[in-house]
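Residue-level structure breakdown
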Amino acid sequence: MSSPPHARSFRRLSLVAVLAAAAVSLPANPARAAGTVEQVAVSQAGYSAGSYKVGYVVATDKLSPWTCRVVRDGAVVLPGCVLTDHGVVWGRRVYSVDLSALAQPGEGHTLEVNGVSSPPFAVAPSVWDRYKDEMTAFYRVQRASVATAEAYPAGYSSVTPSAKVFHGAGYLDDAASADGSAHHDLTGGWYDAGDYGKYGGNQWVGGEIALAYLRNESAPAVRFDNDANGVPDLLDEARFGAEYLVKMAAVGDGAMYDVRGNGTFAPPETQTDNVPGTADDRRIGGLGVGGSAKAAGTLAATARAIRSALETGAIAADKAAGFAAFAETCERTAITFHDYAAAHPDDPIGSYSTRGGLPNSMLYAEVELFLLTGEPEYGRAATQKIGALTFEDLYATNYWDLRPLSLAEFHPVADTATKARIKDLLTRQAEYFLSMTDDTPYGVFNQFKNFGVNEPHASYLGDMMRYYELFGDQRVLRAVLKGAYWVFGANPWNTSWVSGVGARHVRFLHTRLDAESYDQANTGVVVPGAMVSGPNIRDPQDVRGAGPWYADRPLWQDSSQQWRYNEYSISIQAGLLYTIMGLIRFNDAPTTGTRMPIRLPVTSPLIGDRVTGEVTVFAQPAGTLTGVDLGAEHAPMAAGDGVYTGTVSVEGAQPYANQRIDVRGVQTNGAHTHSSTHVTVAPPPPTPQTPLVYDDFGGGGIWGSQNTSWVNWWNNHAGVGVYSRQTIDGRTAGRFFHNPASASSQAKFQPWHHSVDASGYRYLTFVMKSPTPGTRIWVALHDGVRAYRVSGAASLAVPDTWTTYDFDLAAFPELDRRAVKMEIWLQQTADVDGEVHIDDISFTSKGEGSAPALDAVGVSPATGTPTTAFTFTATYTDPDDRPPFSVDLVLDGVVRTMPEAAPSDTTYSDGKVYRLKLWLPKGAHSYYVRTTDTTSPLVRTSVRTGPTVN
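Looking up the chain in an unreviewed UniProt entry gives the name Endoglucanase, with the organism given as Thermocatellispora tengchongensis. Regarding the chain, the relevant UniProt record gives this comment under Sequence similarities (unreviewed entry): "Belongs to the glycosyl hydrolase 9 (cellulase E) family."

**Description of the overall build of the chain**
In terms of regular secondary structure, the chain is built from 14 helices and 42 strands. Computed over its C-alpha atoms, the radius of gyration of the chain comes to 30 Å, within 12% of the 30 Å expected for a compact globule of 950 residues. Over its C-alpha atoms, taken along the principal directions, the chain stretches across nearly 95 × 75 × 60 Å. Pairs at least 24 residues apart make up 73% of the contacts formed inside the chain by residues separated by at least 6 positions. Charge separation in the chain, taken as the distance between the mean sites of 76 positive and 98 negative side-chain charges, equals 5 Å.

**Quick word on the packing of aromatic side chains**
Each pair of aromatic rings is reported with the distance of its centres and the angle of its planes. Under the counting rule described, the total for this entry stands at 59 aromatic pairs. Relative to Tyr 485, the ring of Trp 128 lies with its centre 6.3 Å away and its plane at 15 degrees, an arrangement referred to as stacked. Separated by 357 residues along the polypeptide, Trp 128 in the loop between strand 10 (121-124) and helix 1 (132-141) and Tyr 485 in helix 12 (residues 474-487) bring together distant segments of the chain. The pair formed by Trp 128 and Tyr 485 is uniform in burial state, with each residue classed as buried. Here Tyr 199 and Tyr 352 contribute two aromatic rings whose centre-to-centre distance is 5.7 Å and whose plane-to-plane angle is 55 degrees, an arrangement assigned as tilted. Separated by 153 residues along the polypeptide, Tyr 199 in the loop between helix 2 (148-151) and helix 3 (205-214) and Tyr 352 in the loop between helix 6 (317-343) and helix 7 (358-373) bring together distant segments of the chain. Each residue in the set Tyr 56, Trp 90, Tyr 442, Phe 448, Trp 486, Trp 493, Trp 497, Trp 549, Tyr 550 and Tyr 565 is aromatic and connected to the rest through ring pairs, giving one cluster. If you follow Lys 132 out to its NZ or CZ, it ends over the ring of Phe 224, 5.6 Å from the centre. Cation over ring: Arg 239 sits above Phe 326, and NZ or CZ is 4.3 Å from the ring centre.

**Considerations on the sheet that holds strand 19 (residues 643-649)**
With antiparallel pairing, four strands are arranged side by side in an open sheet as 13-15-19-18. Pairing within the sheet leaves two strands with one partner each, and these edge strands are strand 13 (602-604) and strand 18 (638-640). In this sheet, adjacent strand axes meet at a mean angle of 35 degrees when their direction is disregarded. The pairing of strand 18 with strand 19 spans three bridges and is classified as antiparallel. Each residue of the ladder has a partner; that of Ala 638, found in strand 19, is Thr 645.

**Structural notes on the packing of helix 11 (residues 454-471) against helix 12**
Their axes nearest at 9 Å, the elements helix 11 and helix 12 cross at an angle of 150 degrees. As judged from the angle between their axes, helix 11 and helix 12 are roughly antiparallel. Every pair of crossing elements has a handedness; the one defined by helix 11 and helix 12 is left-handed. Residues Asn 454, His 457, Leu 461, Met 464, Met 465, Tyr 467 and Tyr 468 of helix 11 lie in contact with helix 12, whose contacting residues are Gln 474, Val 476, Leu 477, Ala 479, Val 480, Gly 483, Ala 484, Trp 486 and Val 487.

**Overview of the nonpolar core**
Membership of the largest hydrophobic core comes to 185 residues, with the highest contact counts inside it found for Leu 111, Trp 128 and Trp 486. When residues in this core are grouped by element, the largest group, 11 residues, is from helix 5 (residues 289-312). Taken domain by domain, the makeup of this core includes at least three residues from each of domain 1 (37-125) and domain 2 (129-586). In contact with Trp 128, other than residues within four places in its own chain, are Ala 45, Ser 48, Leu 481, Ala 484, Tyr 485, Phe 488, Ile 580, Leu 583, Ile 584 and Asn 587. Formed by 38 residues, the second largest nonpolar core is a distinct cluster that contains Tyr 761, Phe 766, Ile 777 and Leu 815.

**Overview of empty space enclosed by the protein**
Within this structure, the stated rule accounts for five cavities of 30 Å³ or more. By volume, the second largest cavity is sized at about 50 Å³. Around the second largest cavity, the lining residues are Pro 404, Ala 408, Leu 426, Gln 429, Asp 463, Met 464, Arg 466, Tyr 467 and Leu 470. Counting only elements with at least two residues in the lining of the second largest cavity, the list comes to helix 9 (403-410), helix 10 (416-437) and helix 11. Residues that form the lining of the second largest cavity fall into these classes: six nonpolar, one polar and two charged.

**Re the state of the cysteines**
As enumerated under the stated definition, the model contains one disulfide in all. Cys 68 shares a disulfide with Cys 81; S-S distance 1.7 Å. Taking the torsion about the S-S bond as the criterion, the Cys 68 to Cys 81 disulfide, at about -100 degrees, is left-handed. Taken together, the residues span a long stretch of sequence, with Cys 68 in strand 4 (residues 68-72) and Cys 81 in the loop between strand 5 (75-78) and strand 6 (83-89) at a distance of 13 residues.

**Quick look at the sheet that holds strand 39 (residues 912-918)**
Pairing within the open sheet is antiparallel, and its three strands lie in the order 34-36-39. Edge positions in the open sheet fall to strand 34 (853-860) and strand 39, since each of these has one partner strand only. Across this sheet, the average inter-strand angle for adjacent strands is 15 degrees, counted without regard to direction. Two strands pair when backbone bridges link them, and strand 34 and strand 36 (residues 870-877) are joined in this way by six bridges, in the antiparallel orientation. Paired with Asp 855 across the two strands is Thr 875, which belongs to strand 36.

**Here we look at helix 9**
Within helix 9, eight of the eight residues are buried, which leaves the element mostly enclosed by the surrounding structure. Where helix 9 is buried, its residues meet helix 3, helix 5, helix 7, helix 8 (376-387), helix 10 and helix 11.

**Some details on the pattern of salt bridges**
The final tally for this structure, using the stated rule, is 49 salt bridges. Asp 888 is the partner of Arg 930 in a salt bridge, and the nearest nitrogen-oxygen pair spans 3.2 Å. Here the residue Arg 930 occupies a position in strand 40 (residues 923-932), and Asp 888 occupies one in strand 37 (residues 886-891), the gap between them amounting to 42 residues. Look at Arg 930 and you get buried, because its relative accessible area is 6%. One network of salt bridges, in which partners are shared, links Arg 140, Arg 143, Asp 227, Asp 233, Asp 236 and Glu 237.

**A closer look at the side chain of Ser 48**
Residue position: Ser 48 is located in strand 2 (residues 47-48). Judged by its relative accessible area of 1%, Ser 48 is buried. Those residues in contact with Ser 48, other than ones at most four positions away along the chain, are Lys 53, Ala 124, Pro 125, Ser 126, Val 127, Trp 128, Asn 587 and Asp 588.

**Focus on helix 12**
With 14 residues, helix 12 should reach 20 Å at 1.5 Å per residue; the first-to-last C-alpha distance of 20 Å fits that figure. For helix 12, the tally of buried residues reaches 11 of 14 residues, placing the bulk of the element in the interior. Buried within helix 12 are the following residues: Arg 475, Val 476, Leu 477, Ala 479, Val 480, Leu 481, Gly 483, Ala 484, Tyr 485, Trp 486 and Val 487. On its buried face, helix 12 is in contact with strand 2, strand 3 (54-59), helix 10, helix 11 and helix 14 (570-585). Count one or two residues on from helix 12 and you reach Gly 489, which has phi positive near 125 degrees.

**Structural notes on the pairing of strand 25 (residues 731-739)**
The sheet contact formed by strand 24 (residues 720-728) and strand 25 spans nine bridges and is antiparallel. Residue Ile 728 lies in a different strand from strand 25, and its bridge partner there is Arg 731. Following strand 24, the chain reverses through two residues before pairing antiparallel with strand 25; Asp 729 in that reversal takes a positive phi of roughly 55 degrees. Relative to strand 33 (residues 834-844), strand 25 runs antiparallel, the two sharing five bridges. Counterpart to His 738 in the pairing with strand 33 is Gly 834.

**A closer look at unusual backbone geometry**
Of note, the amide linkage connecting Ser 860 to Pro 861 takes the cis form, showing an omega dihedral of -5 degrees. As for its position among the elements, Pro 861 is in the loop between strand 34 and strand 35 (863-864). The omega torsion across Gly 946 and Pro 947 is -5 degrees, close enough to zero to call that bond cis. By the element assignment, Pro 947 lies in strand 42 (residues 944-949). Although it is not a glycine, Tyr 171 adopts a positive phi angle of roughly 55 degrees. Looking at the secondary structure, you find Tyr 171 in the loop between helix 2 and helix 3. Positive phi, normally seen in glycine, also occurs at Asn 707, with a value near 55 degrees. Tracing the chain through its elements places Asn 707 in the loop between strand 22 (692-695) and strand 23 (711-716).

**Some remarks on the pairing of strand 42**
Bridge analysis of strand 35 against strand 42 gives two bridges, and the strand direction is parallel. If you follow Gly 864 over to strand 42, its bridge partner there is Val 949. Bridge analysis of strand 40 against strand 42 gives four bridges, and the strand direction is antiparallel. From the neighbouring strand, Gly 923 faces strand 42, where its bridge partner is Val 949.

The rules behind the values
Residues numbered from 1 in each chain as written. Predicted model: local features only at pLDDT ≥ 70, side-chain atom pairs only at ≥ 80, totals over all residues. Heavy atoms only, no water. UniProt positions renumbered as here; feature names shortened; annotations may be inferred. Helix = DSSP H or I, 4+ residues; strand = E, 2+ residues; numbered from the N terminus. Rg over C-alpha atoms; globule rule 2.2 N^0.38 Å. Contact = heavy atoms within 4.5 Å. Lys, Arg positive; Asp, Glu negative; His and termini not counted. Charge placed at Lys NZ, Arg CZ, Asp CG, Glu CD. Phe/Tyr/Trp six-rings, centres within 6.5 Å; stacked < 30°, edge-to-face > 60°. Buried < 20%, exposed > 50% of the residue type's maximum accessible area, 1.4 Å probe, protein only. Lys NZ or Arg CZ within 6 Å of the ring centre and 35° of its normal. Pairing = 2+ DSSP bridges. Axes fitted to C-alpha atoms, helices over the stretch in contact; angles between N-to-C directions. Parallel < 35°, antiparallel > 145°, perpendicular 65-115°, else oblique. Left-handed = near helix turned anticlockwise from the far one by under 90°. Core = buried A, V, L, I, M, F, W, Y, C linked by side-chain atoms within 4.5 Å. Domains from an automatic or database assignment. 1 Å grid on protein atoms, 1.4 Å probe; cavity = no way out; pocket = protein on both sides within 12 Å on 5 of 7 lines; lining within 4 Å. Points joined across faces, edges and corners; volume = space filled by probe spheres on them. Nonpolar A, V, L, I, M, F, W, Y, C, P; charged D, E, K, R; others polar. Disulfide = S-S within 2.5 Å. Salt bridge = Lys/Arg side-chain N within 4 Å of Asp/Glu carboxyl O. Expected span 1.5 Å × (residues − 1).

Right, dumping it as structure tokens:
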């Protein structure tokens, strides 16, 4: 099954190294043919008529000429629009299009550039008002122990859910005590994500829902009541979450626990018998004092929101008494949770822990309790904690850090000094966000990891919305709008990451509600309003790929990693919900602020580059800075000709590991500006001296470092297999255990669906032993076309002593080693349990022949400008006439493969030329060349200075 056009990752343009913004862009190769438009991306949620609006054009190269217009119903409504060139970003030429002049409301607009159209979008008086119901609809679908039809009346939201997400009331038997001796009524709450667990450390989200109402209730649209029960829907949802916390408090006088259980890909009502007191009741576990403090803050915030709604008459008269009583219950229970956390500071912090431990969550509890009760002791405790904070303590509001939310909440009632302190901290956070989102034209928070960027991005959007509420900074509101547009489709994948919103919205959400997830005919699922985690630093199935990366890939194609980019959760959603409510309130507010942080783009290495050894970092500010520093240690960077340079080392880092590089500049007014890039640690070239460790069963290796178990996918002729990691004979080893049903039973173990690039290595090497004489093992590699039984046609009887096996991959010339998946099979000679212990799995080579040589290494010209094409040359000679695995230019620590100058020349004993042309950023560069024929040690030249780019 091929991916849809918008789901591909971007091919890097290896011949250009350019910046994201026109002010300091390096031009693409001027000799290259004019580019073609690949994507025209807009906010598929639409735009408010009076707001700032922007779309994007993604092209193969510079467009010349270009045409641009906006069309609706076949008529041109904006005949001319201007493309602003931002240079090459993430391997593609990117233009932005300011659409703010498009102010007439209407549906079905498309932005057309060179004949390529965007998905349709609307212009509405208040476009965000359209999606408020999707925000609460998501949480209603996630309600535990409730039939969806009861929580989700017909027509509740403008986006219709898929029929298969409607589920019955499940887990009505939650939950047994940890030892199973007692039962507690812990029905309710929200399923955490696409699984069915309920985690104590993530119950803070009810507080953000309550505060989304409380801080924005002046906007009538925020008080919406789509189920017509006489209560604003945001308060309905906050109360639903709070009711679960009240039940939890009764379990242990304020102790907080998890109720774990992922379940199968089937509706929740099928997972247990739903009868309390039976053996399949889920048990509480994972005591977490951090969750107690978060629950205190959430309940206090909920009580505040309810009381405010009662004062303004937003709750129907026949419901008022019940809600007033529940607010009292929330207040009492909040104090119970707070007092428990205060009395147990050394308890485990628990699931979804916060940065800085318990004090972080306690600040949230103290602020909300002070605002609720007015008790001075809570205010004093909060003031003391705030006084000790530094900017480095802050991240973005989510389960990991509740301090930004707490500061925004406390600011209006703080004393003068504390108020000034809070403003300073939050202003620095805002400046950080502004400078981190200007790294690219898309306005996304530029910190990509092995989990989707949308969670921290939307978390910052919520914080920035609160900052605007407090201080009215128009720059920040514009950044919030751009950030929201990114989420709803104004991104290079042309994908709305909000389920059901837009013509090209995400389809394959990672959720157990979709029982068809493993069906190759599955067309996906709609959970209204659910935002998925989105782009990763690279494709988790392709360690060779560049980033950032995203694809709307179904679970059956990626069962082990799909959660990294298509997961949703109650915490991922919280920042977006708050942002939408804030944008409803401040719809059409002006965003003309222009005093932006000075841009500080990292010109090398670029995101997705592969690096090795000492890496030189180049940063080129777009204005005057008094200094620039590098990394968490803030090491000063050297200045020269408007460029700052510093070094970071990736020596000893795991191959294919991702590493973020941060730079920070100081502006003349003392404020900071920030930027980041993200790199991948290059694997060592395949030599006999540098094996590629796949799993050492101690946390090392390409697979082992991912901290994920091997799985028993399949058992032929019944039986069962079990994997565990143990210490055996003083070694950390994998124990592969087989309990057969008969002598015909076979157990297959796999590292999920992980694939590895074993190019250049000749052997697959196992170090293993078996304490059970009747155990037989064989190993297979699958290259996506067929499986190869690399351990031989006959099964192996492994002795009870550690033995090294080298499986010769040269015996399988058709095996494509670039992306192989591994299978380990066990079988017993009789119906008796057996096991194999494996200490190490590696890809290896053995030495033979003579080493190659590199000469005639150089670059021309020696100096130039960013528009100069620099040509690097090297000659490879191998006395045994072996070809190189690759000839690599390592420029400033960035690894680039040098192509053959003459592909038809297949003789290597008399010298073969390799040549690479590059356009480089300003600065003084250095390089060396390395190579291997895979059977001899690595050959590399000395480090050479140059070229210098002025």
